[in-house]
Amino acid sequence: AKRRERLDIACLPVFAVNYLPPILRAFHAVHPHVQVRIFETPSAAIAELVQSGEVEFGLSGLQTNRWDLEVETLSASDFALACPSRHALAKKRAVAWSELRGLPLIRVSAKTAIRPMIDDTLGAARLSVTWAYEVQHVETAVNLVEVGLGFAVVPMIDVELHHGRSVVAVPLRGPKLSCAYGLVRRRGIPLSPPAAALRDLLAEAMKTQKTLHALGA
């Protein structure tokens, strides 16, 4: 692949804000002349950007229904209930999915990787819940929880990387559900040297953690 002076990648917003900066600093030390352009967007949009060739790879929640993309799983995070810290549920060690009935819930967009997983789990349990809000980004959902507008079902890492102190992540059980994260790229298309170098830095950093849960510790 021809060396690029500009490298385009896509990334989930939570990782772009909280995780990517130190990795980009290490990349810049080795490749100071490469301009990096980052698209912060939900998982479905990341897949489209990668497939179209607008970006070389994405750091995303992994979706298994894309035959045209190669995915490399690097870590995972269990689902939790994002809960206001003063609510009674915040003191529980775990919450059952059935306990979501009657709570004002904040739904995330169908463009996220986690939305179909949540819908499938609720459907399998034949559980009817109350959706008070719908947002495009998981970070927005956690922000709404923090100000007391409701609860959200999100991967635990999204709460642990959140800067606020008024929201906690209570593990969800019955069933336990986990979201995988990793790198997405076009099948059969080699990465340019800068993209391969950044990919190696990302993989090395993420694989040193047992799960994305540990990143927030």
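Note: the structure precedes this text.
Residues numbered from 1 in each chain as written. Predicted model: local features only at pLDDT ≥ 70, side-chain atom pairs only at ≥ 80, totals over all residues. Heavy atoms only, no water.

Novice: Help me get a handle on the overall build of the protein chain, residues and values and all.
Specialist: In terms of regular secondary structure, the protein chain is built from seven helices and ten strands. Relative to the globule expectation of 17 Å for 217 residues, the C-alpha radius of gyration of the protein chain, 18 Å, shows essentially globular dimensions. The principal-axis extents of the C-alpha atoms in the protein chain amount to approximately 55 × 35 × 30 Å. Burial statistics for the protein chain: of 217 residues in total, 47% are counted as buried. When contacts within the protein chain are restricted to residue pairs at least 6 apart in sequence, those whose partners lie at least 24 apart make up 79%. (Helix = DSSP H or I, 4+ residues; strand = E, 2+ residues; numbered from the N terminus. Rg over C-alpha atoms; globule rule 2.2 N^0.38 Å. Buried < 20%, exposed > 50% of the residue type's maximum accessible area, 1.4 Å probe, protein only. Contact = heavy atoms within 4.5 Å.)

Novice: Describe the packing of aromatic side chains, listing the residues and the values that go with them.
Specialist: Going through the model one piece at a time under the given rule, you end up with one aromatic pair. Measuring from ring centre to ring centre gives 5.3 Å for Phe 15 and Tyr 181, while their planes differ by 85 degrees; the resulting arrangement is edge-to-face. With a gap of 166 residues between them, Phe 15 in helix 1 (residues 13-18) and Tyr 181 in strand 10 (residues 178-186) connect regions that are remote in the sequence. Both residues of the pair, Phe 15 and Tyr 181, belong to the buried class. (Phe/Tyr/Trp six-rings, centres within 6.5 Å; stacked < 30°, edge-to-face > 60°.)

Novice: Mind laying out empty space enclosed by the protein, listing which residues take part and the relevant values?
Specialist: Scanning the entire structure with this criterion turns up three cavities of 30 Å³ or more. In this model, the largest cavity occupies a volume close to 160 Å³. Around the largest cavity, the lining comprises 18 residues; the ones closest to its centre are Leu 12, Ser 43, Thr 112, Val 138 and Asp 158. The dominant element in the lining of the largest cavity, judged by the number of residues it contributes, is helix 1, at three residues. The residue makeup of the lining of the largest cavity, split by class, is eleven nonpolar, five polar and two charged. In this structure, the second largest cavity encloses a volume near 70 Å³. Breaking the lining of the second largest cavity down by element, the ones donating at least two residues are helix 3 (43-52), strand 3 (57-61) and strand 4 (69-84). (1 Å grid on protein atoms, 1.4 Å probe; cavity = no way out; pocket = protein on both sides within 12 Å on 5 of 7 lines; lining within 4 Å. Points joined across faces, edges and corners; volume = space filled by probe spheres on them. Nonpolar A, V, L, I, M, F, W, Y, C, P; charged D, E, K, R; others polar.)

Novice: Describe helix 5 (residues 138-146), and please don't skip the residues or the numbers.
Specialist: Taken as a whole, helix 5 has its buried residues at Val 138, Ala 141, Val 142, Leu 144 and Val 145. One side of helix 5 holds all its buried residues, which, seen down the axis, span an arc of 160 degrees. (Arc of directions from axis to C-beta.)

Novice: Give me the lowdown on the pattern of salt bridges, citing residues and values where you can.
Specialist: Summed over the entire model, instances satisfying the criterion amount to ten salt bridges. Across the salt bridge formed by Arg 185 and Glu 70, the nearest N and O atoms sit 3.5 Å from each other. Taken together, the positions of Arg 185 in strand 10 and Glu 70 in strand 4 put the pair 115 residues apart, joining distant regions of the chain. In this structure Arg 185 comes out as partly exposed when scored by relative accessible area, which is 28%. Between Asp 78 and Lys 176 there is a salt bridge, with the nearest N and O atoms lying 3.5 Å from each other. Placement of Asp 78 in strand 4 and of Lys 176 in the loop between strand 9 (167-173) and strand 10 is noted, with a sequence separation of 98 residues between them. Within the structure, one salt-bridge network assembled from shared partners comprises Arg 107, Arg 115, Asp 119 and Glu 134. (Salt bridge = Lys/Arg side-chain N within 4 Å of Asp/Glu carboxyl O.)

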